[in-house]
Amino acid sequence: MRSDLNIKIAMCQYNFIVGDLTGNRDKILSGISQAVEQHCDVVIFPELSITGYPPEDLLLRNQFIVDQLSILDEITSKVDDIVCIVGFVDRVEKDLFNAAAVIHEGKVQQVYHKIQLPNYSVFDEERYFKAGNEPLVISVNGVKLGIGICEDIWIKECVTESQAFCGEAEILINISASPYYMAKFNERLEMVQSRAKRTRAFVIYNNLVGGQDELVFDGHSLIVDETGALAGHGHAFEKDMLVFDVDVDRIRRHRENDKTFEQDAQAFNCPFEYLRYVELQTRFVHDELKITAPGRPRLSDEDEVYQALILGLKDYVHKNGFKEVVFGLSGGIDSALVAAIAADALGPEHVHCVTMPTRFSSRGSVDDSVRLAENFGITLNELAIEDVFNSYLGLLEPLFKDQPFNVAEENLQARIRGAIVMALSNKFGWIALATGNKSEVSVGYSTIYGDMVGGFSPLKDVYKMWVYKLSRRRNEIAGYDIIPQSIIDKAPSAELRPDQRDEDSLPPYEILDAILEYYVEDDLSVNDIEAKGYERQTIKDVIRLVDINEYKRRQAAPGVKITPRAFGKDRRMPITNKYRMG
């Protein structure tokens, strides 16, 4: 027989699609059904799981709000004994709230409104939502659970502490949509562990998984016990369902034996006038109750980034109705890595590449492209563009006469290639990929309307040195040089003029990337970066290139965010801007 001091919980780490209300409904109902089959008392879903996250300006459409509320009603009608916690958008008069519905016995028993609204980095929730002001504690079979949404748990001495110290919550449930960047798992884990230790509560952190435009949600949902120990976590970058038992007797014994818990509770100054509370009862019987939270494998830093890029590309392509991709394969390392990611994400049969040599293309680059395509099993066509290039030069000769060969002719080649890639995209319905990396995007070392063309840019937030890291790691996984070593070893070159090398125009990438991280990610000044050991004039040259190329970045395709500060939603600089750091 079961003890009333134990509870069985299902945590659904699912991949929802923004605006796919009926599809999201079906995923939620499937998760509920599976949880009922396993006699769970509670089943939980991520933040805004009905609408998908982030819905952005869809929230300004009245019909969208009405439709997703109708979906909530449909879900509610299917819920019986189990307690279901699902994210949706609540409306009270004219105000919208990022909300969690607590559903039981065919009714929405209680609604929680998110209190802490993030309005930084990629978040702008204050644009759409009004903040709640009442923490929620629910009692399920005598076990008290605090319900929070994403940012609520990140802010110290606020929602979670109020639920634990003032509402006596023994389990803290947080439904979240926390986007990925490098090392985010460790950051989240440290935060959740600190909340568990502070409150002596069992913490369940249910995160979204999936790609949404530039964002990737990595899953990695967390289960941390009352001592702060990691009891289990969800898969990285995959749909997952974790079913586990919580021994509430153990939580209560831990609090009783901790002589400082009562002192901390009494000393806590609750910032809220009122906590909402509801009692619910389920009728499930469990044969055995114990903490059985499953473990999942941890990924290395390189594997984590690579999986983020795979998921980001796959979901962008598939969620936008495409099946296949096309891009130029130059024989360089950037397009080689894009080919690897695309083949792994979509299957090699859905990847189409074209190599487009001119008089400046080395035979080695063409041969490397052929070998790479063979290794991955992707389609490669060679379309020499020398005749097209000559036609353009002939057309422009009356205007270009007596002018030296310069960037105009260089970029003309890139734009011819871009036009061909887009012609293939239009003809066959393939989405075009840009292959530039963050180092190039930062300093404008790319051709607008040329190699920047495309619907998606997988490496947009990947610095050049990381391109090398990921390429080497992909070869380690393959067990051989699936990305030919000659591609990795060759000096980077756009091959748009004789004997061209990237380092003719840019510092070595290991120096460039370091300066870019300090300037783009950390907003450090010239003096600050110089104090890190870099040459002052080099720093100023790099910063100048970053500043004057904002107009290019504004027109670039979206790409997967993997750093703490990506271009686009994260870093928003004016194009017309006369401020320059000295």
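Residues numbered from 1 in each chain as written. Predicted model: local features only at pLDDT ≥ 70, side-chain atom pairs only at ≥ 80, totals over all residues. Heavy atoms only, no water.

*Asks:* Got a sec to walk through the side chain of Arg 255? Specific residues and values, please.
*Replies:* One can find Arg 255 in helix α6 (residues 248-257). Buried Arg 255, no salt bridge; nearest opposite-charge side chain is Glu 170, N-O distance 5.3 Å. Side-chain polar atoms of Arg 255 contact the backbone oxygen of Ala 169, separated by 2.7 Å. (Helix = DSSP H or I, 4+ residues; strand = E, 2+ residues; numbered from the N terminus. Buried < 20%, exposed > 50% of the residue type's maximum accessible area, 1.4 Å probe, protein only. Lys, Arg positive; Asp, Glu negative; His and termini not counted. Salt bridge = Lys/Arg side-chain N within 4 Å of Asp/Glu carboxyl O. Polar contact = N/O pair within 3.5 Å; in protein donor to acceptor, adjacent residues only side chain to side chain.)

*Asks:* Outline the pairing of strand β8 (residues 171-176), supporting the account with residue identities and numerical values.
*Replies:* The element β8 is largely enclosed, with a buried count of six among its six residues. Neither face of β8 is exposed, since Ile 171, Ile 173 and Ile 175 on one face and Leu 172, Asn 174 and Ser 176 on the opposite face are all buried. Sheet analysis places strand β7 (residues 143-149) next to β8, joined by five bridges and oriented parallel. Looking across to β8, one finds that Ile 149 is bridged to Ile 175. The handedness of the β8 to strand β9 (residues 202-207) crossover, carried by helix α5 (residues 184-199), is right-handed. (Pairing = 2+ DSSP bridges. Right-handed = clockwise from strand over helix to strand, strands pointing away.)

*Asks:* Give me the environment of Phe 405: which residues, what numbers.
*Replies:* Looking at the secondary structure, you find Phe 405 in the loop between α11 (386-400) and α12 (407-428). Look at Phe 405 and you get partly exposed, because its relative accessible area is 39%. C-alpha of Phe 405 to C-alpha of Asn 381: the two residues are 24 residues apart in sequence and 29 Å apart in space.

*Asks:* Outline empty space enclosed by the protein, listing residues and values.
*Replies:* Scanning all chains against the criterion turns up two cavities of 30 Å³ or more. Counted as a void, the largest cavity has a volume near 80 Å³. Around the largest cavity, the lining residues are Ala 434, Gly 436, Val 441, Ser 446, Asp 451, Met 452, Ser 457, Lys 460, Ala 556 and Ala 557. Its residues assigned to classes, the lining of the largest cavity shows five nonpolar, three polar and two charged. Empty space within the second largest cavity amounts to approximately 50 Å³. If you go around the second largest cavity, the residues you meet are Gly 148, Asp 152, Ile 153, Val 159, Thr 160, Gln 163, Leu 172, Ile 173 and Asn 174. (1 Å grid on protein atoms, 1.4 Å probe; cavity = no way out; pocket = protein on both sides within 12 Å on 5 of 7 lines; lining within 4 Å. Points joined across faces, edges and corners; volume = space filled by probe spheres on them. Nonpolar A, V, L, I, M, F, W, Y, C, P; charged D, E, K, R; others polar.)

*Asks:* Requested: an account of helix α2 (residues 62-77), with residues and values cited.
*Replies:* Compared with the 22 Å implied by 1.5 Å per residue over 16 residues, the 23 Å span of α2 between its first and last C-alpha is a close match. Restricting attention to buried positions, one finds in α2 the residues Phe 64, Ile 65, Gln 68, Ile 71, Leu 72, Ile 75 and Thr 76. Buried residues along α2 cover an arc of 140° about the axis, so they all sit on one side. In α2, those exposed residues whose orientation departs by more than 90 degrees from the buried face are Asp 73 and Ser 77. (Expected span 1.5 Å × (residues − 1). Arc of directions from axis to C-beta.)

*Asks:* Explain the sheet that holds strand β18 (residues 379-382) to me, using residue names and the numbers behind them.
*Replies:* Strand pairing in a sheet takes place through backbone hydrogen bonds and is either antiparallel or parallel in direction. Taken in spatial order, the four strands of this open sheet run β18-β17-β16-β19, and their pairing is parallel. If you trace the sheet from one side to the other, it starts and ends with β18 and β19 (431-432), each paired once. Judged from the four bridges that link them, strand β16 (residues 325-328) and strand β17 (residues 351-355) form a sheet pairing that is parallel. Directly across from Phe 327, in β17, lies its bridge partner Cys 353.

*Asks:* Mind laying out helix α1 (residues 21-37), listing which residues take part and the relevant values?
*Replies:* Over its 17 residues, α1 extends 24 Å from the first C-alpha to the last, a length consistent with the 24 Å expected when each residue adds 1.5 Å. Every buried residue of α1 is listed here: Leu 21, Gly 23, Asn 24, Arg 25, Ile 28, Gly 31, Ile 32 and Ala 35. Contacts made by the buried residues of α1 are with β1 (6-13), β2 (42-44), α2, β3 (83-92) and β14 (240-247). Within two residues after α1, His 39 carries a phi angle of roughly 55°, on the positive side. (Contact = heavy atoms within 4.5 Å.)

*Asks:* Quick one: what's the story with the packing of helix α8 (residues 301-319) against helix α9 (residues 333-346), residue by residue and with numbers?
*Replies:* Where α8 meets α9, the closest approach of the two axes is 9 Å, and the angle between their N-to-C directions is 65°. On the basis of the axis angle, α8 is roughly perpendicular to α9. In this structure, α8 meets α9 at a crossing whose hand is right-handed. Here α8 contributes Tyr 306, Leu 309, Ile 310, Leu 313, Lys 314, Val 317 and His 318 to the contact with α9, which in turn contributes Leu 337, Ala 340, Ile 341, Ala 342, Asp 344, Ala 345 and Leu 346. In terms of residue class, the contact of α8 with α9 is built from 11 nonpolar, one polar and two charged. (Axes fitted to C-alpha atoms, helices over the stretch in contact; angles between N-to-C directions. Parallel < 35°, antiparallel > 145°, perpendicular 65-115°, else oblique. Left-handed = near helix turned anticlockwise from the far one by under 90°.)

*Asks:* An account of the sheet that holds strand β12 (residues 222-224) is requested, with residue identities and associated values reported.
*Replies:* Taken in spatial order, the seven strands make up an open sheet running β13-β12-β9-β8-β7-β6-β15, and their pairing is mixed. The strands lining the two open edges of the sheet, one partner per strand, are β13 (230-233) and β15 (276-280). Neighbouring strand axes in the sheet, compared pairwise and without regard to direction, differ in orientation by 20° on average. Across six bridges, the pairing between β8 and β9 is parallel.

*Asks:* Could you give an account of the packing of aromatic side chains, with specific residues and numbers?
*Replies:* A full pass over the atoms with the stated rule returns 11 aromatic pairs. Ring geometry for Tyr 14 versus Phe 16: centroids 6.2 Å apart, planes at 50°, classification tilted. Centroid distance Phe 165 to Phe 268: 5.5 Å. Interplanar angle 50°. Geometry classified as tilted. With a gap of 103 residues between them, Phe 165 in helix α4 (residues 159-166) and Phe 268 in the loop between α7 (261-267) and β15 connect regions that are remote in the sequence. We note that Phe 165, like Phe 268, is buried. The structure contains a cluster of three or more aromatic residues connected by ring pairs, namely Tyr 14, Phe 16 and Phe 45. One cation-aromatic arrangement involves Lys 438 over Phe 567; the distance from NZ or CZ to the ring centre is 5.5 Å. Just above the ring of Trp 466 sits the side chain of Lys 469; from NZ or CZ to the centre is 4.4 Å. (Phe/Tyr/Trp six-rings, centres within 6.5 Å; stacked < 30°, edge-to-face > 60°. Lys NZ or Arg CZ within 6 Å of the ring centre and 35° of its normal.)

*Asks:* Can you tell me about the nonpolar core, naming the residues and giving the values?
*Replies:* Grouped together as the largest cluster of nonpolar side chains are 50 residues, with contacts concentrated most on Ile 7, Ile 85, Ile 138, Leu 145 and Ile 171. Among the elements that make up this core, the one with the highest residue count is α5 (five residues). Discounting residues that sit within four places of it in the chain, Ile 85 has contacts with Val 42, Val 43, Ile 44, Phe 45, Ala 100, Ala 101, Val 102, Ile 138, Ile 147, Ile 173 and Ile 175. In this structure, Ala 236, Phe 237, Leu 346 and Ile 487 belong to the second largest nonpolar core, which totals 49 residues. (Core = buried A, V, L, I, M, F, W, Y, C linked by side-chain atoms within 4.5 Å.)

*Asks:* Explain the pattern of salt bridges to me, and be specific about the residues and the numbers.
*Replies:* Side-chain pairs of opposite charge can arise where the charged atoms are in close proximity. This structure, assessed with the given rule, holds 30 salt bridges. With a closest N to O distance of 3.0 Å, Arg 127 and Asp 57 form a salt bridge. One end of the pair, Arg 127, is in the loop between β5 (107-113) and β6 (136-140); the other, Asp 57, is in the loop between β2 and α2, and 70 residues separate them in sequence. Assessed through its relative accessible area of 52%, Arg 127 is described here as exposed. Across the salt bridge formed by Arg 571 and Glu 550, the nearest N and O atoms sit 3.8 Å from each other.

*Asks:* Could you give an account of a nonpolar patch on the surface, with specific residues and numbers?
*Replies:* A cluster of nonpolar residues, Val 388, Tyr 392 and Leu 395, forms a patch on the protein surface that exposes about 280 Å² of accessible area. Looking at the secondary structure, you find Tyr 392 in helix α11. The exposure class assigned to Tyr 392 is partly exposed, which follows from its relative accessible area of 37%. (Patch = residues over 30% accessible without salt bridge, like charges linked within 9 Å, V, L, I, M, F, W, Y side chains within 5 Å. Areas by Shrake-Rupley, 256 points an atom, 1.4 Å probe, with all protein chains shown as cover.)

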